[in-house]
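# Survey of secondary and tertiary structure
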Amino acid sequence: MLLSSISFILIFLPVTVLLYFLTPRKMKNIFLLIASMVFYAWGNPVYVILLLLSVGFNYVCGQDIEEKRENPAKAKGSLIFAIVVNLLILGFFKYYGFLMQSINALSPVEIPYRELVVPIGISYYTLRELSYVIDVYRNETKAQRNFVCLGLYISFFPQIVAGPVERYADMESSLRERTLSLQRLGNGAMLFLCGLAKKVILADSMGILQEQITGLQIGTFSTLTAWLGCAAFAFRFYFELSGYSDMAVGLGRIFGFDLHRNFNYPYISHSITEFWKRWNISVAAWFQRYVYEPLGGEKCEISRQMWNLFIVGILTGSLYGAGWRFLWWGVYCSIFLLMEQLVWGKRIVRLPKIVQHIYAIVIIFTGWAFFFSPDLSAALDYIGVMFGFGASAVADTQALCYLLTHWLLFVLCIVGASSRGMSILHSFIEAPRSRQWKTVVTCVIYIGIFIISLAFLITGELDVGLFIQF
């Protein structure tokens, strides 16, 4: 079950919220943990056992590391053991099929293997588990002695599928005591509806257009069409990930948790470095804190910095899915991050802002070709068309047809991908002078958003998102 499914919106969510507010304060964590397990079991019940075993393993490891803290060698050994086991579980369930495919591609003999269904959200909850045991080892947090609290931190249903990746230290106080109010309920519901609209109206609509264009045979479409297809994917991917993230943050607010926003308008960036600071912020911060800095970060020599950036880029790319195309995207981004840091970064900042923005968008959108292409060769062919190589023309009637039939959708996506979208929404809400009328207008707007989103779900639900491999 996903946050944008009809079963979640019309059945699971209202029942869970109602029962949560009726549950006694001391039982709320237990209720949320049970609700999270029901949510996770909705699609594939067998993986609930894996999730519970994973929680139990890290529960024991956290206490073991804390008890051995006075003996650094033993504590480090326990930490390494915890990290290795967590990564082996993630690697087996997520990358086993990819590894076997790669081996069979190189081997003269076909090795039979069984395809595994990737547990939904395994990357996200593994990152939370790793941050927990590492922070306990660093003495940045105490080991949790309450199994329910740690289990809720790892499996909290709004964020288990799509993040954000919160550190345990940031959620610890909320796990002990939370403030609930009608105002928080209203604010959370509004943020949830904005995220829902992003996903089902903008992302899914752009997904239909993107699949039409990227499914065309190379040589049969123009450069402009190629850019339209790439832009469609860029908006689809952004509104899908950020939509689910907004829904998670909104739901967290309803239940008393203050989760961090995960996207900060990345397509208004003026460099690839800035883009990485705005895109999937919690994941980038996780790799910065637990991978890049321990490797030496920017304090080591240039050659080591290059290696560190490539490691982080490859790991980040592999987190999005099991396949070479995700690794190539990570390498691609690492190259430009490195170039900006060592070669042309200081020159870019001297250019006019509009030029900086165009530079960033061209690099970002071009990189997405690695994501939606089946392999490296197809990605390079598509990128070639984007820059005039192998294109049928610079522009043609096909491209004009796509523009004429989807211009409003592109306008909505451009506005929604910038802070301008929320400014316009707030201007409508703040237009009435009286507080009473502002409340009425707010209710009307968000009820309208809900009805339109629900209509999109009913008429054409695309419930399996791009990020599903997380």
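Rules used throughout
Residues numbered from 1 in each chain as written. Predicted model: local features only at pLDDT ≥ 70, side-chain atom pairs only at ≥ 80, totals over all residues. Heavy atoms only, no water. Phe/Tyr/Trp six-rings, centres within 6.5 Å; stacked < 30°, edge-to-face > 60°. Helix = DSSP H or I, 4+ residues; strand = E, 2+ residues; numbered from the N terminus. Buried < 20%, exposed > 50% of the residue type's maximum accessible area, 1.4 Å probe, protein only. 1 Å grid on protein atoms, 1.4 Å probe; cavity = no way out; pocket = protein on both sides within 12 Å on 5 of 7 lines; lining within 4 Å. Points joined across faces, edges and corners; volume = space filled by probe spheres on them. Nonpolar A, V, L, I, M, F, W, Y, C, P; charged D, E, K, R; others polar. Patch = residues over 30% accessible without salt bridge, like charges linked within 9 Å, V, L, I, M, F, W, Y side chains within 5 Å. Areas by Shrake-Rupley, 256 points an atom, 1.4 Å probe, with all protein chains shown as cover. Salt bridge = Lys/Arg side-chain N within 4 Å of Asp/Glu carboxyl O. Contact = heavy atoms within 4.5 Å. Core = buried A, V, L, I, M, F, W, Y, C linked by side-chain atoms within 4.5 Å.

### Some points on the packing of aromatic side chains
- For the structure shown, the criterion picks out 61 aromatic pairs.
- With a centroid separation of 5.2 Å and an interplanar angle of 50 degrees, the aromatic rings of Trp-279 and Trp-368 are classed as tilted. Linking Trp-279 in the loop between helix 11 (272-278) and helix 12 (281-292) with Trp-368 in helix 15 (residues 353-372), this pair joins segments that are 89 residues apart in sequence. For the pair formed by Trp-279 and Trp-368, the shared burial category is buried.

### Some points on the layout of surface pockets
- By volume, the largest pocket is sized at about 1300 Å³.
- For the largest pocket, the lining is made up of 42 residues, of which Cys-194, Met-422, Leu-425, Tyr-446 and Ile-449 are closest to its centre.
- Those elements that provide at least two residues to the lining of the largest pocket are helix 9 (182-214), helix 10 (223-254), helix 17 (397-416), helix 18 (420-430) and helix 19 (435-460).
- Broken down by element, the lining of the largest pocket gets its largest block of residues, 11 residues, from helix 9.
- Of the residues belonging to the lining of the largest pocket, the class tally is 25 nonpolar, 12 polar and 5 charged.

### A word on a nonpolar patch on the surface
- Together, Leu-10, Ile-11, Val-15, Leu-18, Leu-19, Leu-22, Met-27, Ile-30, Ile-34, Val-38 and Trp-42 give the surface a local cluster of nonpolar side chains, amounting to about 1000 Å² of exposed area.
- Going through the elements one at a time, helix 1 (6-22) and helix 2 (28-41) are the ones with two or more residues in the nonpolar patch.
- The dominant element in the nonpolar patch, judged by the number of residues it contributes, is helix 1, at 6 residues.
- When its relative accessible area of 40% is taken as the criterion, Val-38 is described as partly exposed.

### Topic: the environment of Tyr-113
- Mapped onto the elements, Tyr-113 comes out in the loop between helix 4 (72-106) and helix 5 (122-137).
- The partly exposed category is assigned to Tyr-113, whose relative accessible area is 23%.
- A C-alpha to C-alpha distance of 7.9 Å links Tyr-113 and Gly-97, two positions 16 residues apart in sequence.
- If sequence neighbours within four positions are ignored, Tyr-113 has contacts with Tyr-96, Gly-97, Met-100, Gln-101 and Asn-104.

### Focus on the nonpolar core
- Core analysis: the largest hydrophobic core is formed by 140 residues, its most contacted members being Phe-8, Tyr-267, Trp-279 and Trp-368.
- Sort the elements by how many residues they give to this core and helix 10 lands first, with 17 residues.
- Aside from chain neighbours lying at most four places away, what touches Trp-368 is Cys-230, Phe-233, Ala-234, Phe-237, Tyr-267, Phe-275, Trp-279 and Trp-329.

### A closer look at unusual backbone geometry
- At Asn-139, a residue that is not glycine, the phi angle is positive and equals roughly 60 degrees.
- Among the secondary structure elements, Asn-139 is positioned in the loop between helix 5 and helix 6 (147-155).
- One non-glycine residue with positive phi stands out, namely Asn-280, at about 45 degrees.
- Turning to its location among the elements, Asn-280 is positioned in the loop between helix 11 and helix 12.

### A look at empty space enclosed by the protein
- Scanning the model with the defined rule gives 1 cavity of 30 Å³ or more in all.
- For the largest cavity, the calculated volume is near 60 Å³.
- Lining the largest cavity we find Ile-272, Phe-275, Trp-329, Tyr-332, Cys-333, Ile-363, Ile-364, Gly-367 and Trp-368.
- If you list the elements that add at least two residues to the lining of the largest cavity, you get helix 11, helix 14 (324-348) and helix 15.
- A per-element tally of the lining of the largest cavity places helix 15 first, with 4 residues.
- Considering only residue class, the lining of the largest cavity consists of 8 nonpolar, 1 polar and no charged.

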